[in-house]
Each structure stands twice: as structure tokens, then as C-alpha cells.
Amino acid sequence: ISLIALLSFAPSISESTSKPLLQYNQMSTAVNPTAGMAAAVDAEQVKFRALQEEMNEKRSALQQLMSQQNENEMVQQELQLLKDEDIVYKMVGPVLLKNDLEDAKTTVSKRLEFITGEKKKVEEGIKSLEMQASEVAKKANEMQSLMQQAAVEAAKSIAAEHNAKG
């Protein structure tokens, strides 16, 4: 049973209360110490979901980079098998152009360096987001715990008030 539900039933418990139920509920909401905390917890949960979504996007980018890296490593291995007199073609749009073997090896090597660098950046970004998400989750859990403690204290206070009146 939530604190608000407890507060809603409080007038029906005591017949000596002359305030209408609606007015009592409005007062109890104003006194409710967890109302603002719930909004703050919700805001932290929204932040957490946004961080998770951003992590998923980065993970998708990482998978794409890994795929490109594997493809380029296979091309590099194939180029290593060729002899100097072998002809290499490079596709530029719909046209195949003759390309120097050393040029092709250099291009693939540079592409692999670039992909490795980008992969490193994305991995660092994922780690950073994971740390942020962990902090936000921890903060939200702490806030929920405090909110529960406040609700228990408020319920005890209401019960004590009711017992004093009754």
C-alpha cells in the first residue's frame, strides 16, 4: 500500500475527522515528502534510458567498424599473396581502374589504421557511457531508498498522529 493510499484512507479510520476526504487528500499530498523525490527519480530514469540508447548506438557503430576491420584484414591478406607482377584493380564507382600493388597495400594499411583508431574512440565512448549510466543508476537507487525511508517515516508519523487523536 502506498503512502498516498494510506493517507487517502486515514479519514475513514477516524470518525472524529470533520474534513472532507478530498480536502484531506490535497493536504496530504502537500505534506507528502516523497512527491518531489519521485519526480527526481523519474528524471534519473530518463537519463539512464538515454544513456542506454546512446550506448546501443555506439555498440552498433563498433560492430560496423569491426566488420570493416575484418573485411580489410582479409583484403590485406589477399594482397600479401600476390606477386609484384600481378595486376590489381580498384573499383571507382562502376569502373575498374588499374592500381599499383604497393598503392593498394598502402591504402588498405592506412584504412586499417583509421578503422583501429575509430574503434578505439568508440570503445572509450562506450566505457565512458557505461560509467555514467552506472552512476545514474546508483543515484536513482539511492533516491528510491531515501524515498522509501521518507514514506515509512511519514506513515509512522501519521499513525502516531492518529493514535494520539484516537
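So, how was this worked out
Residues numbered from 1 in each chain as written. Predicted model: local features only at pLDDT ≥ 70, side-chain atom pairs only at ≥ 80, totals over all residues. Heavy atoms only, no water. Helix = DSSP H or I, 4+ residues; strand = E, 2+ residues; numbered from the N terminus. Expected span 1.5 Å × (residues − 1). Buried < 20%, exposed > 50% of the residue type's maximum accessible area, 1.4 Å probe, protein only. Contact = heavy atoms within 4.5 Å. Patch = residues over 30% accessible without salt bridge, like charges linked within 9 Å, V, L, I, M, F, W, Y side chains within 5 Å. Areas by Shrake-Rupley, 256 points an atom, 1.4 Å probe, with all protein chains shown as cover. Salt bridge = Lys/Arg side-chain N within 4 Å of Asp/Glu carboxyl O.

Considerations on helix α3 (residues 35-81)
Note on helix geometry: an α-helix contains 3.6 residues per turn, so any two residues three or four positions apart are oriented the same way.
Here comes step 1: End to end, α3 covers 70 Å across 47 residues, agreeing with the expected 69 Å (1.5 Å per residue, within 8%).
Here comes step 2: For α3, the set of buried residues is Val41, Glu44, Leu51, Met55, Leu62, Leu65, Gln69, Asn72 and Leu79.
Here comes step 3: For α3, the elements touching its buried residues are β1 (88-92) and α4 (101-165).

Structural notes on a nonpolar patch on the surface
Here comes step 1: A contiguous nonpolar surface patch, about 460 Å² in accessible area, is contributed by Ile87, Tyr89, Met91 and Leu96.
Here comes step 2: With respect to the element layout, Leu96 can be found in strand β2 (residues 95-99).

Digging into the environment of Lys90
Here comes step 1: Assignment of secondary structure puts Lys90 in strand β1.
Here comes step 2: Overall, the relative accessible area of 41% leaves Lys90 in the partly exposed class.
Here comes step 3: It is 9.2 Å that separates the C-alpha atoms of Lys90 and Asp100, two residues lying ten residues apart in sequence.
Here comes step 4: Once residues lying within four places of it in the same chain are set aside, the contact partners of Lys90 are Val95, Leu96, Leu97 and Asn99.

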